[in-house]
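Summary of the model geometry
Residues per chain are reported as follows:
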Amino acid sequence: MQILTWNDILEAMESGSEIPIFSAGTGISVGSFDGVHLGHRKLISALVESCRAKNLRPGVVSFSRPLPGIKHSGDYMGDLTTLAQRLEIFESLGISFAVIVDFDDSFASLMGTDFLNILLNIARMRLIAEGFDFRCGYKGATDTQAIKYWADSRNVECVFVEPVYYRDGAGGEERVSSSYIRGMIQRGFFTTASELLARPYRLDISTLRKNGFTSQILPPDGIYRVRSEGGDEVRLEISGRKIAEIPDCSSLDF
């Protein structure tokens, strides 16, 4: 999987140069994709399958940090995945390229149609796949109806995917979302989180060791028995919303 930055896209636009991986045409999905949960996987599967039928390269435009962590940092609980984890999962699901955006004022002020035109002209986007309630552009003003109107006049196919729902133990139905899964982890409900993520919740210890802190959400204070990447049982103590002692491993599964 090839990894590019939004600056790579802007530089290609300014210079008039081409990026080889886009040459045959692409299908793209845009989003934070935090956790790459069941809903995200349904969307990515639809993207990959649609691209395969049209001989397009499937790719994603995502962010170095999930947008809620940037826009609502005051009450944000933490990320479900690091960027490295998301990229690894994208590749395993058949994504050919990822464009990573460092969300800033310049990107936030970009109008939705201008953003789509850049993807059309530089990434040669011929298909866009999104959730039914997706919005993009300045203040999220460009919704799926506006995207469909834009796409129809440019011969770009739209694939809009319905959400995935989860039936809890009490018989209630919840939409699978990153925020819902964060709530499960914050309450220590790891079985539910694993079901919705389609994998165990995983802490990236290598990033924690490198940076001295983690952007990922931590469960309630306590002592946990978790598994390292090699399958060994590891004792993990969380106190004051911090890991008391950093284990000597790369990742931990709850």
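Up top is the structure these notes are about.
So, here's what we can say about the structure.

Here we come to the sheet that holds strand E1 (residues 2-5). Paired through their backbone hydrogen bonds, the strands of a sheet run either parallel or antiparallel. Read across the open sheet, the six strands follow the order E1-E4-E3-E2-E5-E8; overall the sheet is parallel. Looking at the sheet topology across the chains shown, the edges are occupied by E1 and strand E8 (157-161). Between one strand axis and the next, the sheet turns through 25° on average, direction left out of account. Here strand E5 (residues 125-131) runs beside E8; their pairing, made up of five bridges, is parallel. If you follow Gly-131 over to E8, its bridge partner there is Val-161. The strands touched by helix H1 (residues 6-15) within the sheet are E1 and strand E4 (97-101), with E1 carrying the most contacts at an inclination of about 70°. The strands touched by helix H6 (residues 112-121) within the sheet are strand E2 (26-30), strand E3 (57-63) and E5, with E5 carrying the most contacts at an inclination of about 135°.

Looking now at the nonpolar core. Membership of the largest hydrophobic core comes to 33 residues, with the highest contact counts inside it found for Trp-6, Phe-22 and Phe-115. Residue assignment for this core shows that the elements contributing at least two residues are H1, E2, E3, E4, H6, E5 and helix H7 (144-152). Here this core gets five residues from one element, more than from any other, and that element is H6. Each residue touching Trp-6, except ones within four places of it in the same chain, is listed here: Val-99, Ile-100, Val-101, Phe-107, Leu-110, Phe-115, Ile-118 and Leu-119.

Unusually for a residue other than glycine, Asn-155 sits at a positive phi of about 60°. Of note, Asn-155 is situated in the loop between H7 and E8. Since its relative accessible area comes to 68%, Asn-155 is described here as exposed. If you check the backbone angles, Ala-198 has positive phi at about 65° while not being a glycine. Tracing the chain through its elements places Ala-198 in the loop between helix H9 (190-197) and strand E11 (202-204).

One open sheet accounts for five strands, arranged E11-E15-E12-E13-E14; its pairing is antiparallel. Each of the sheet's edge strands pairs with one partner strand only, and the pair in question is E11 and strand E14 (242-243).

Right, let's get into the pattern of salt bridges. All told, the structure shown has nine salt bridges when counted by the stated rule. Where Asp-133 meets Arg-175, a salt bridge forms, and the shortest distance between an N and an O atom there is 3.0 Å. Taken together, the residues Asp-133 in the loop between E5 and strand E6 (135-136) and Arg-175 in strand E10 (residues 173-175) connect sequence positions 42 residues apart. Residue Glu-173 is joined to Arg-167 by a salt bridge in which the shortest nitrogen-to-oxygen separation is 3.6 Å. A relative accessible area of 52% places Glu-173 in the exposed class. Residue Arg-167 is classed as exposed on the basis of its relative accessible area of 54%.

Take the packing of helix H8 (residues 178-186) against H9 next. Two elements in contact, H8 and H9, have axes whose closest approach is 8 Å; the angle formed by their N-to-C orientations is 155°. For the element pair H8 / H9, the angle class is roughly antiparallel. Classified by chirality, the crossing of H9 by H8 is left-handed. Of the residues in H9, those in contact with Tyr-180, Ile-181, Met-184 and Ile-185 of H8 are Phe-190, Thr-192, Ala-193, Leu-196 and Leu-197. In the contact of H8 with H9, the residues fall into eight nonpolar, one polar and no charged.

Attention shifts here to the side chain of Ser-50. Take Ser-50: it is sitting in helix H2 (residues 38-54). The exposure class of Ser-50 is buried, given its relative accessible area of 19%. Within the structure, Ser-50 has its side chain in polar contact with the backbone oxygen of Ala-46 (distance 2.8 Å). Other than its neighbours up to four places away in sequence, Ser-50 contacts Leu-127 and Val-159.

Conventions and cut-offs
- Residues numbered from 1 in each chain as written.
- Predicted model: local features only at pLDDT ≥ 70, side-chain atom pairs only at ≥ 80, totals over all residues.
- Heavy atoms only, no water.
- Pairing = 2+ DSSP bridges.
- Helix = DSSP H or I, 4+ residues; strand = E, 2+ residues; numbered from the N terminus.
- Axes fitted to C-alpha atoms, helices over the stretch in contact; angles between N-to-C directions.
- Contact = heavy atoms within 4.5 Å.
- Core = buried A, V, L, I, M, F, W, Y, C linked by side-chain atoms within 4.5 Å.
- Buried < 20%, exposed > 50% of the residue type's maximum accessible area, 1.4 Å probe, protein only.
- Salt bridge = Lys/Arg side-chain N within 4 Å of Asp/Glu carboxyl O.
- Parallel < 35°, antiparallel > 145°, perpendicular 65-115°, else oblique.
- Left-handed = near helix turned anticlockwise from the far one by under 90°.
- Nonpolar A, V, L, I, M, F, W, Y, C, P; charged D, E, K, R; others polar.
- Polar contact = N/O pair within 3.5 Å; in protein donor to acceptor, adjacent residues only side chain to side chain.

Note that every value here comes from positions in space, so none of it alone points to a role or purpose.
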